[in-house]
Amino acid sequence: MARLNLWRWGVLALAGLYFLVPLAASVVFTVDVPGQGITFDAYTQIFSTDGFVSALLLSLELALATIAVVLLLMVPAMVALRLGAPRLRPVVEVVCSLPLVVPPIAFVAGIGTVLKWGPDHLSRTPLFETFVAIQNPDFPFVLVLAYVVMALPFVYRALDAGLRAVDVRTLVEAARSCGAGWPQALVQAVLPNLRGALLNASFLTLALVLGEFTVAQLLGFRPFAVWIVNVSGSQAQLSVAVSVLSLLVTWVLLLVLAGFGGRTRPTSRG
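A brief structural summary. (Residues numbered from 1 in each chain as written. Predicted model: local features only at pLDDT ≥ 70, side-chain atom pairs only at ≥ 80, totals over all residues. Heavy atoms only, no water.)

1. Topic: the layout of surface pockets
Filter applied, for reference: Cavities and pockets were defined on a 1 Å grid built over protein atoms only: a cavity is a set of grid points that admits a 1.4 Å probe from which the probe cannot escape, a pocket is an open set flanked by protein on both sides within 12 Å along at least five of seven lines, and lining residues are those with an atom within 4 Å of any such point. Grid points are joined across faces, edges and corners, and a volume is the space filled by probe spheres set on the points. A run of DSSP states H or I qualifies as a helix once it reaches four residues; a run of E qualifies as a strand once it reaches two. Both are numbered from the N-terminal end. Classification convention: Asp, Glu, Lys, Arg as charged; Ala, Val, Leu, Ile, Met, Phe, Trp, Tyr, Cys, Pro as nonpolar; all other residues, Gly among them, as polar.
For the largest pocket, the calculated volume is near 380 Å³. In terms of lining, the largest pocket is formed by 18 residues, of which the most central are Leu210, Phe224, Ser246, Leu247 and Thr250. Contributing elements (two or more residues each) for the lining of the largest pocket: helix 3 (52-84), helix 10 (195-211), helix 12 (224-232) and helix 13 (236-262). Here the element with the most residues in the lining of the largest pocket is helix 13; it accounts for nine residues. Here the residues of the lining of the largest pocket are counted per class, giving 14 nonpolar, four polar and no charged.

2. Describing the packing of aromatic side chains
Under the convention used in this document: Each Phe, Tyr or Trp ring, with Trp reduced to its six-membered ring, pairs with another whose centre is within 6.5 Å; inter-plane angles below 30 degrees give stacked pairs, above 60 give edge-to-face pairs, and intermediate values give tilted ones.
In total, this model carries five aromatic pairs according to the counting rule given. Seen in terms of ring centroids, Tyr18 and Phe19 are 5.3 Å apart; in terms of plane orientation they differ by 90°. Their pairing is edge-to-face.

3. Considering the packing of helix 3 against helix 7 (residues 141-164)
What counts here: Between N-to-C directions, angles cover 0 to 180 degrees, with each direction set by a line fitted to C-alpha atoms, over the stretch in contact for helices. By definition in this entry, angles of less than 35 degrees are roughly parallel, angles greater than 145 are roughly antiparallel, angles of 65 to 115 are roughly perpendicular, and the rest are oblique. Each crossing gets its hand from how the near helix is turned against the far one by less than a right angle, where anticlockwise is left-handed and clockwise is right-handed. The contact criterion used is simple: two residues touch if any of their non-hydrogen atoms lie within 4.5 Å.
At a minimum axis separation of 8 Å, helix 3 and helix 7 run at an interaxial angle of 45°. Looking at the two axes, helix 3 sits oblique to helix 7. Here the hand of the crossing between helix 3 and helix 7 comes out right-handed. Between helix 3 and helix 7, the residues in contact are Leu62, Ala65, Thr66, Val69, Val70, Leu71, Leu73, Met74, Val75, Met78, Val79 and Arg82 and Leu143, Val144, Tyr147, Val148, Leu152, Val155, Tyr156, Leu159, Asp160, Leu163 and Arg164, respectively. For the contact of helix 3 with helix 7, the residue count by class is 19 nonpolar, one polar and three charged.

Don't take any of this as a statement about function, it's just geometry.
Rendered as structure tokens:
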């Protein structure tokens, strides 16, 4: 038993060093300026740097829209799959896992090809305005559609784990026997028991959108990740400081998620 505990602590220490050493090196790089000593100018300049606020707000808006779309798409589908067609679960799992095996370059190339159909083939149809609207730089909804596809594997796994821990059929039948319709049964009986799974899926989607670079860059948009890379060419310390700050914010969100997911309602006793 002592050897097992020692082995666990050793693995934990190695994992901590693996993550903390690069982070510490990044922090030192941002605060230790040759000839000036320790200074926090890189962090104080973040909020006043041109494009920071707009890029961050754009990424947060894209993240919220992606979370809403992917949950509205996947939650009813997963519940219906579990209630009515459990044999199709392997098929849905394979379909939702496809984004993991498709290279981002190929994915963007496909999106770019479809977007070219607008001016080439749809200029005289009402769909042309739709193609133009989803590429609005102020809010490129085409990125939301792309991020929904990219988030499918993570959202599917999170929701599947949550549904496995809940007797969905019993909950729905109990709600239906009390006079609730299907939408009401889903919202009031099933969703409260999937709080942890919904939070996990939302956090994974948020992390994906905030850190995604390839699709946005190749499609010509400038959310937060693209802004960081663009700034790094002229202000290396500032870009690393922003990355460190983003990582810390992500950890805080993870802790908040763990707090909400682990909180249970007290059971009332009559």
